[in-house]
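Summary of the model geometry
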Amino acid sequence: MSDDRPFELPDQPESRSGRRAREAAADEALVSALGQAARAVAASEPAGPSPAAWHRLTRARAQPARGAARPLRWAAVVPVACASLAATVAVVRHVRPQSLTYDVRGGDLASSGQVEAGPLGSAVRFSDGTEIQLDAKARLAVSAAGPHGARLRLQAGAAHFRVMHLPRAAWAVEAGPYVVEVTGTEFDVRWSEHEQTVEVKMISGSVRVSGPLLTERVALGKGQHLLARPGMGDLRIDDGRPDRPAANGSVPAAAPTPAGAVVEPLPPVPGATLPPAIVAPAAGPVVAAAPRLAAIRPRARRRVALVEPGRSAERRPSDSPAVPRADTSAPGDGGDSLSPPPLPESAPSSAAPRWRARNWSARVASGDAGAVVTDAESVGVDATMRQADAGDLAALADAARYAGRPELAERAFGATRRRFPGSSQAHAAAFLLGRMADDRGDSTGGLRWYRAYLAEAPAGPYAAEALGRQMLIVKRSQGREAALPIAQEYLGRFPNGTYLLEARALIDNR
Amino acid sequence: MTASPLRVLRGEVTDFDTDEGLVAGLRRGDARAELAAWNRFSARVDATLRRLLGPGQDPQAREDLLQEVFIRFFARVGTLRVAAAVGGFLTGITVHVVHGELARRRRRSWLRLTSTGVTPDIASPPPCAEAREAVLRYYQKLEVLSPKDRSIFVARTIEGLTLAEVASVHGLSVSTAQRRLLRATRKVSLLVRRDPALAGFADGGRAEGRGA
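Residues numbered from 1 in each chain as written. Chains lettered and ligands numbered in written order. Predicted model: local features only at pLDDT ≥ 70, side-chain atom pairs only at ≥ 80, totals over all residues.

Concerning the overall build of chain B
Within chain B one finds ten helices and zero strands. Listing each helix as α and each strand as β along chain B from the N terminus yields α-α-α-α-α-α-α-α-α-α. The buried share of chain B, taken over its 212 residues, is 44%. Long-range pairs, those at least 24 residues apart, make up 61% of the contacts in chain B between residues at least 6 apart in sequence. (Helix = DSSP H or I, 4+ residues; strand = E, 2+ residues; numbered from the N terminus. Buried ≥ 20, exposed ≤ 12 C-beta atoms within 10 Å, placed from the backbone. Contact = placed C-beta atoms within 7 Å.)

Here's the deal with the overall build of chain A
Along chain A, the regular secondary structure elements total 13 helices and 16 strands. A buried classification covers 44% of the 510 residues belonging to chain A. Partitioning the contacts of chain A with sequence separation of at least 6, the portion at a separation of at least 24 is 55%.

So, the pairing of strand E15 (residues 234-238) of chain A
All names here are of chain A. Among the five residues that make up E15, five are buried, leaving the element largely enclosed by the rest of the structure. Taking every second residue as pointing to the same face, both faces of E15 are buried, with Asp234, Arg236 and Asp238 on one and Leu235 and Ile237 on the other. Direction of pairing for strand E14 (residues 225-229) relative to E15: antiparallel, over a ladder of five bridges. Bridge pairing in E15 places arginine 229 opposite aspartate 234. (Pairing = 2+ DSSP bridges.)

As for the packing of helix H11 (residues 463-478) of chain A against helix H12 (residues 480-493) of chain A
All names here are of chain A. Two elements in contact, H11 and H12, have axes whose closest approach is 8 Å; the angle formed by their N-to-C orientations is 165°. As far as their axial angle goes, H12 and H11 are roughly antiparallel. The hand of the H11/H12 crossing is left-handed. For the pair formed by H11 and H12, the contact residues are Leu467, Gly468, Gln470, Met471, Val474, Lys475 and Gln478 on the first element and Arg480, Ala482, Ala483, Ile486, Ala487, Glu489, Tyr490 and Arg493 on the second. (Axes fitted to C-alpha atoms, helices over the stretch in contact; angles between N-to-C directions. Parallel < 35°, antiparallel > 145°, perpendicular 65-115°, else oblique. Left-handed = near helix turned anticlockwise from the far one by under 90°.)

A short note on H11(A)
All names here are of chain A. With 16 residues, H11 extends 21 Å between its outermost C-alpha atoms, agreeing within 8% with the 22 Å of an ideal straight helix rising 1.5 Å per residue. Most of H11 sits inside the fold, with 13 of its 16 residues counted as buried. Downstream of H11 by one or two residues, glycine 479 has phi in the positive range, about 95°. (Expected span 1.5 Å × (residues − 1).)

Overview of the nonpolar core
In terms of nonpolar packing, the biggest core is built from 65 residues, with Leu34(A) and Tyr138(B) touching the most fellow members. Take this core: its biggest share by element is twelve residues, from helix H2 (residues 31-53) of chain B. In this structure Tyr138(B) touches Leu34(A), Ala38(A), Val192(B) and Leu198(B), once residues within four positions along its chain are discounted. Formed by 56 residues, the second largest nonpolar core is a distinct cluster that contains Trp360(A), Val364(A), Ala369(A) and Ala428(A). (Core = buried A, V, L, I, M, F, W, Y, C linked by C-beta atoms within 7 Å.)

Side note on unusual backbone geometry
The general pattern is negative phi for most residues beyond glycine and trans for most peptide bonds. The phi dihedral of Lys137(A) falls on the positive side, at around 70°, and the residue is not glycine. According to the C-beta neighbour criterion, Lys137(A) is partly exposed, with 15 such atoms within 10 Å.

Thoughts on helix H7 (residues 163-170) of chain B
Residue and element names in this part refer to chain B. Listed as buried for H7 are Val166, Ala167 and Val169. Looking straight down H7, one finds its buried side chains confined to an arc of 165°; they lie on one side. Just beyond H7, the residue with positive phi is glycine 171, at close to 70°. (Arc of directions from axis to C-beta.)

Notes on the packing of helix H9 (residues 424-439) of chain A against helix H10 (residues 443-456) of chain A
Residue and element names in this part refer to chain A. The interhelical angle for the contact between H9 and H10, taken along N-to-C directions, is 160°, at an axis separation of 7 Å. It follows that H9 is roughly antiparallel to H10 by the angle criterion. With respect to the hand of their crossing, H9 and H10 are arranged in left-handed fashion. Together, His427, Ala430, Phe431, Leu433, Gly434, Arg435, Ala437 and Asp438 of H9 and Ser443, Gly445, Gly446, Trp449, Tyr450, Ala452, Tyr453 and Glu456 of H10 make up the contact between the two elements. In terms of residue class, the contact of H9 with H10 is made up of eight nonpolar, five polar and three charged. (Nonpolar A, V, L, I, M, F, W, Y, C, P; charged D, E, K, R; others polar.)

Considering the confidence of the model for chain A
All names here are of chain A. Model confidence for chain A is summarised by a mean pLDDT of 71, while 67% of its residues fall at 70 or above. Ranking the elements of chain A by mean pLDDT puts strand E16 (residues 294-295) last with 38 and strand E5 (residues 131-134) first with 91. A low-confidence stretch, residues 346-351 stays under pLDDT 50, and its non-local contacts, those more than four residues away or across chains, total seven contacts. (pLDDT = per-residue confidence, 0-100.)

Section: the environment of Glu34(B)
Residue and element names in this part refer to chain B. Among the secondary structure elements, glutamate 34 is positioned in helix H2. Since 24 C-beta atoms lie within 10 Å of it, glutamate 34 is described here as buried. Note: C-alpha distance between glutamate 34 and phenylalanine 70 (36 residues apart in sequence) is 9.2 Å. Those residues within four positions of glutamate 34 in sequence are excluded, and the remaining contacts are Leu26 and Phe74.

Regarding the pairing of strand E7 (residues 150-163) of chain A
Residue and element names in this part refer to chain A. Counting buried residues along E7, eleven of its 14 residues qualify, which places the element largely inside the surrounding structure. Examined bridge by bridge, strand E6 (residues 139-145) and E7 share six bridges and lie antiparallel to one another. Bridge pairing links valine 142 to leucine 152 in E7. Count of turn residues in the E6/E7 antiparallel hairpin: four residues. Judged from the four bridges that link them, E7 and strand E8 (residues 171-175) form a sheet pairing that is parallel. Bridging across to E8, leucine 152 finds its partner in valine 173. In the sheet, E7 pairs with strand E10 (residues 185-192) via seven bridges, with the strands oriented antiparallel. The residue bridging histidine 160 from the neighbouring strand is aspartate 188, located in E10.

In structure tokens, the structure reads:
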């Protein structure tokens, strides 16, 4: 570093304060340069959290809060604990079982417990006999190993787990935002950070899975297969049999009857906590071919896939015991309060050509909503509505909303509901159509769509929001008394929901 | 930023475009406001976490911290007095969370739960191998500082907070924060100058060119 002090003679020693100031300035310049480099490196890395991060946050917040730190309490407890610790350590050492140990073959094991599989895969063997086969390039972290199991995080790739069924066995495998709880079984797990996709394939035994789009843990039994794409709001379970070919090669879904009534298919999923039955609308014939795949809505006991208004076979609220509504007979609802308002487009033609997936959801997620709308228009809006798959249609609807094209969004939602009835996208479309109507002041339309959503997906991801918004609309349009039963239902179902205060205020008549 | 941040595409944000509207919605517990806050701030907080923690961190671990930041933010937003300060409020929480994480890592290191107490790095292709390697070594040098000193140092020299902000976030007086910052700067500079791999930065003139 150059010294540019002009007035100091070479033979005069530099003053201590001057030297310190010069060194401090040099230090500051040095850390400033390094700080700039650090910022540049940070900025050059991919930005932003993963799409699943919000879902994980929502789930984390929904879980009961851990006890807050209480210094005073600890101050009293710590001395006692210290005094007893020395006396108990020796005993505990003899009594407590040893934590499991493990070794790795064919891969790299970091001291932190991270296993990185080699090009031919690798095997992790625990001292209780549990074995994990990692596919090539897969990464697994053993974050905590106890005497009866371990907590594992599959960071990338696929792995085959064969967990020994032993008394008190407790294993957990984290894959992205999902957690697979295991007591003893054999199964495969795959996690792709890039695709934001989790897959669990059961070979024997059972596991319980929790994560986004699941309001409670779902049990998977032998042979079942879970596929979750939380960023797209898509979660499916099937029984692991080969796909039955769909008519147009697209995602299997319930088929509309000639009268427009549909029965949402439910796969035979023994052991899973899925709704056991489907109720067919009285006026419509039951669809014979039940597709194998279906979106899951845990805790739903009965489901009715509603048809669009004006078509046929609409169910009245009194027909749907799963979703009791106290305000359905209110005047001004326009007849059947469960039937959503008309959609802006008629039924599509039956012969829809194969759609080349455009992955619009990723483009929308990256903020490129305008380009998605442009792309759809270049393909042709009508053709898009007829041919696009469920994911692209839902993405187009989102893109249209964000691009300020509500009419296009409504068309896309309408097409989603007509072409993929019973799918998670169709259910979400009902809620979003309701919110669009609600936000533009169409309380009746909003109310009917919210009710439709709640009837179709009573435990769906938007159930709390739909019920809360329904409560507010009813309160606004029909008064507190009419909204009171909804408030009570809301508090019962969502005691920590975001409309908690409004519901309590209604009940307390404040 | 080289890429647009991913956002959760739900909800209308028109009511929450302003700080006042957003904070009012958050105080009401409006889920749409929370989603709007996430869409608006999550990428920024994530970037702050990257800078505070350094390169090569486990993305999952960083996402856990991001969650922690927002959980605290939603829980404490009621204490925010000036809505316009919501950005700084969030940055303060982020610094606190990182400080806690570093202290936890140090405790883990002391307990020998890992060899270094540092979350294992996930290999990822560096944008510029030389600069990234240098920055990685630089962050390793910072491990000699106590968690609080490191937090103060990084918040000031990398995150770019003002001295007053650094003092406020860490609950210190400005003079104390300055004293600790100077001490940390001196210690880190000494270590950097002794490291041949970081010699280029010590030359000063070439420093800026290496960062990009």
